[in-house]
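These are the residues of each chain, in order.
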Amino acid sequence: MVDTGANAILMYTSAEDSMTNMKDSNLSIQVADSDTNMPGSKDGILHMLILGPVKPSPIISPKVTTVRNLHRELFSVDGYFLDGFNILLKQPTYEDGIPQMHKPASKGNKAITIPFRYDYQNSGFWMDYLLLPSHNSK
């Protein structure tokens, strides 16, 4: 789930098999509906092939933290916004109708579009992806 209020990308511990540059996490996550904190498990880089209507499918490699007993994976757009991406949560009838993060082309770099989709059944914006295998040792 895309989370505009989060400042870290939180993933299930099953993602650890695909992570590179992995180390124990020092992150402590404040749980919204209680006075408790959840500890992070591992920090690392996760290589993701983004699925959706944008061609070619982009690959991103964000820094992530895995968390045991996480209710839902959360994708923070905070770091991407600071890196020059526009966060565009569009209605289906607006422009191309694709909710997305978009970074325009600049100085030899191609434009990058990361598509999202809105889940009308369960609410929220989501990013669909496949994990790419890790080629580095843990």
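Up top is the structure.
Structural notes, computed from the coordinates. Please read these numbers as outputs of a predicted model, since none were measured by experiment.

## A closer look at the packing of aromatic side chains
Within the structure shown, the criterion is met by 4 aromatic pairs. Ring geometry for Tyr118 and Phe125: centres 5.0 Å apart, planes at 70°, overall edge-to-face. By relative accessible area, which is 18% here, Phe125 ends up buried. Among the aromatic residues, ring-to-ring pairing joins Phe75, Tyr80 and Phe85 into one connected group.

## Side note on the pairing of strand 12 (residues 100-103)
Strand direction decides the pairing type here: strand 11 (residues 86-88) and strand 12, joined by 3 bridges, are antiparallel. Bridge pairing in strand 12 links Ile87 to Met101. Alignment of strand 12 against strand 13 (residues 112-115), held across 4 bridges, turns out to be antiparallel. Residue pairing in the sheet places His102 in a bridge with Thr113 of strand 13.

## Describing the environment of Asp83
Structurally, the position occupied by Asp83 is in the loop between helix 1 (78-82) and strand 11. Note on Asp83: relative accessible area 44%, which makes it partly exposed. Spatially, the C-alpha atom of Asp83 lies 8.5 Å from that of Lys103, the residues being 20 residues apart in sequence.

## Some points on the environment of Asp35
Topologically, Asp35 is positioned in the loop between strand 4 (28-30) and strand 5 (37-39). Accessibility expressed as a relative area gives 80% for Asp35, which makes it exposed. Note: C-alpha distance between Asp35 and Leu130 (95 residues apart in sequence) is 34 Å.

The rules behind the values
- Residues numbered from 1 in each chain as written.
- Predicted model: local features only at pLDDT ≥ 70, side-chain atom pairs only at ≥ 80, totals over all residues.
- Heavy atoms only, no water.
- Phe/Tyr/Trp six-rings, centres within 6.5 Å; stacked < 30°, edge-to-face > 60°.
- Buried < 20%, exposed > 50% of the residue type's maximum accessible area, 1.4 Å probe, protein only.
- Pairing = 2+ DSSP bridges.
- Helix = DSSP H or I, 4+ residues; strand = E, 2+ residues; numbered from the N terminus.

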